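Analysis of the macromolecular model
Read off the chains here:
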Amino acid sequence: MPFSFKQFHIDDSRCGMPVSTDGVMLGAWANIKQSNTILDIGAGSGLLTLMAAQRAEQLAKTAVGLSSKAIKIVAVELDDLAAQDCLHNIANCPWAEMIEFHHGAIQDFSAQHLVQYKAKLSPLFDSIICNPPYFDNGPQSKQQQRATARHTDSLSFSELLKHIELLLAPHGAASLILPIESETRFTGALTQTSLAISKGVSVSTVSKKPPRRLLLELKHQAKIESTEHSSLVISDPSGQYSQQMIALCREFYLKL
């Protein structure tokens, strides 16, 4: 269903994973400060890409030495139909000139990009964002696109983290969102890399309820002095957005 934000519009009618609160939270929270190069892995409809573009342009207006003309955002999407939505949404957003789209697997993109990097033709990424597949067991959706988007059959945590490790600049940060149930598997895979968690936010849907999601920021271990932990509540008991959620997402949701 098409979804309008304050500065852009998302058509996700062909995408296996439609616009969700998870995606909006991640796009608003992700660390893209001082980022000239941003990578969106598994871009889907392009939601995170467009949110990053909006934020990057705004940050460039206030950051010393950062120009929106120098910012490059790369969106990578494997699914054919989701790619159509992503291309459409990019073409119709205000920041199309700063976005590059790649239709294919992150494994293929990574291999190609690292060749360019070694030839000093392309830099590594200052920021990586990803709302990854997270289920590796249990029932899968009968709708194949949604099953692919939600399950790790095509992109395991280990595989994803390997490519984040390779593509992330030494000073860079990667931002992801996961269900609480996936934390143990994810952190297990993380130990096989040079990455570690620099920030973690436990997200509860309603106040006084246990956390259901985790917002995670990853950095190369050598760049981490300490790990920050915090919490976020989406709604109060009456169903209204909490002040935390309003502060996080007010630049995007129309009614905030």
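Our structure is the block above this text.
Below is a summary of the structure that appears in this document.

Criteria and thresholds
- Residues numbered from 1 in each chain as written.
- Predicted model: local features only at pLDDT ≥ 70, side-chain atom pairs only at ≥ 80, totals over all residues.
- Heavy atoms only, no water.
- Helix = DSSP H or I, 4+ residues; strand = E, 2+ residues; numbered from the N terminus.
- Rg over C-alpha atoms; globule rule 2.2 N^0.38 Å.
- Buried < 20%, exposed > 50% of the residue type's maximum accessible area, 1.4 Å probe, protein only.
- Contact = heavy atoms within 4.5 Å.
- Lys, Arg positive; Asp, Glu negative; His and termini not counted.
- Charge placed at Lys NZ, Arg CZ, Asp CG, Glu CD.
- Pairing = 2+ DSSP bridges.
- Right-handed = clockwise from strand over helix to strand, strands pointing away.
- Phe/Tyr/Trp six-rings, centres within 6.5 Å; stacked < 30°, edge-to-face > 60°.

**Concerning the overall build of the protein chain**
Broken down by element type, the protein chain carries eight helices and ten strands. Here the protein chain has a C-alpha radius of gyration of 17 Å; the compact-globule value for 256 residues is 18 Å, and the two agree. Taken along its principal axes, the extent of the C-alpha atoms in the protein chain is 55 × 40 × 40 Å. Expressed as a percentage of its 256 residues, the buried residues of the protein chain come to 48%. Taking the intrachain contacts of the protein chain between residues at least 6 apart in sequence as the baseline, contacts between residues at least 24 apart amount to 73%. Computed over 23 positive and 24 negative side-chain charges, the inter-centroid distance for the protein chain is 5 Å.

**Examining the pairing of strand β5 (residues 99-103)**
As defined by bridge partners, strand β4 (residues 72-77) adjoins β5 across five bridges and the pair is classed as parallel. Each bridged residue has a counterpart across the sheet, and for Val74 the counterpart in β5 is Glu100. The parallel pair β4 and β5, bridged by helix α3 (residues 80-91), forms a crossover whose chirality is right-handed.

**Observations concerning the packing of aromatic side chains**
According to the stated counting rule, one finds eight aromatic pairs in the structure shown. Consider the rings of Tyr241 and Tyr253, whose centres lie 5.7 Å apart with planes at 10 degrees: the pair is stacked. Within this pair, whereas Tyr241 is found in the loop between β10 (228-235) and α8 (243-249), its partner Tyr253 is found in the segment after α8, the two being separated by twelve residues in sequence. Looking at Tyr241, the relative accessible area reads 32%, which means it is partly exposed. The class for Tyr253 is buried, based on a relative accessible area of 10%. Connected via pairs of aromatic rings, a cluster forms that spans Phe3, Phe5, Phe8, Trp95, Tyr241 and Tyr253.

**A few points about unusual backbone geometry**
One non-glycine residue, Gln34, lies in positive phi territory at about 55 degrees. Within the secondary structure, Gln34 is located in the loop between α1 (21-29) and β3 (37-41). In this structure, Lys120 is a non-glycine residue whose phi angle is positive, near 60 degrees. As for its placement among the helices and strands, Lys120 is situated in the loop between α4 (106-118) and β6 (125-130). Given the relative accessible area of 78%, Lys120 is considered exposed.

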